[in-house]
Amino acid sequence: MTFEKSHIVVAIGDSLIEGKAAPKDKGWVYLLSNRLLNLRFEHTLVNNGAGGNTSEDVRRSLREECLRHNPDFVLLGVGVNDSRFRPSKGGNDVEIPRFQENIKYILEQISALRKGVKVIVVGQAPVIDEFVDPYKPD
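Conventions adopted
- Residues numbered from 1 in each chain as written.
- Predicted model: local features only at pLDDT ≥ 70, side-chain atom pairs only at ≥ 80, totals over all residues.
- Heavy atoms only, no water.
- Phe/Tyr/Trp six-rings, centres within 6.5 Å; stacked < 30°, edge-to-face > 60°.
- Helix = DSSP H or I, 4+ residues; strand = E, 2+ residues; numbered from the N terminus.
- Buried < 20%, exposed > 50% of the residue type's maximum accessible area, 1.4 Å probe, protein only.
- Lys NZ or Arg CZ within 6 Å of the ring centre and 35° of its normal.
- 1 Å grid on protein atoms, 1.4 Å probe; cavity = no way out; pocket = protein on both sides within 12 Å on 5 of 7 lines; lining within 4 Å.
- Points joined across faces, edges and corners; volume = space filled by probe spheres on them.
- Nonpolar A, V, L, I, M, F, W, Y, C, P; charged D, E, K, R; others polar.

1. Some details on the packing of aromatic side chains
Enumeration over the complete set of coordinates arrives at one aromatic pair. Ring centres of phenylalanine 41 and phenylalanine 73 lie 5.6 Å apart, and the angle between their planes is 75°; this geometry places the pair in the edge-to-face category. Pair noted here: phenylalanine 41 is in the loop between α2 (28–38) and β2 (43–49) and phenylalanine 73 is in strand β3 (residues 73–77), with a separation of 32 residues, a long-range link. For phenylalanine 41, a relative accessible area of 10% translates into the label buried. The positively charged end of arginine 59 is found above the aromatic ring belonging to tyrosine 105, 4.0 Å away from the centroid.

2. Describing empty space enclosed by the protein
Rolled over the atoms, a probe as big as a water molecule pinpoints where empty space is left. Enumeration according to the criterion identifies one cavity of 30 Å³ or more in this entry. What the largest cavity holds in volume is close to 30 Å³. Counting only elements with at least two residues in the lining of the largest cavity, the list comes to α2 and β2. It is α2 that contributes the most residues to the lining of the largest cavity, four residues altogether. Of the residues that constitute the lining of the largest cavity, the class distribution is six nonpolar, two polar and no charged.

Here is the structure:
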């Protein structure tokens, strides 16, 4: 299988996109990129995932972290941090209606770049902090 050109793939979102808990360049986004290269899907990966990001963060940094790269494909993965419960706030980091607004805005802005930009919204599995907390001594 051959493709007409090299593509730009931008990944944006939280630590699951960043691959924060994985060894360098071993997070799932990098593994996917390597697999695509093995399939001769020529592309450049720009991974702008960042630990702690919510949909608010992605919305604020969308132009700099994604749109300026003029991507052909965008991997968007947020939600885990949005849904974090904060007792001091009496609720989630980002309330559901605002999360929905943010996702709609992000998708509209990416789609407005040009016809043919593909967005893959990555579903996030629930995280049980007591099992995956990287700051626990054990």
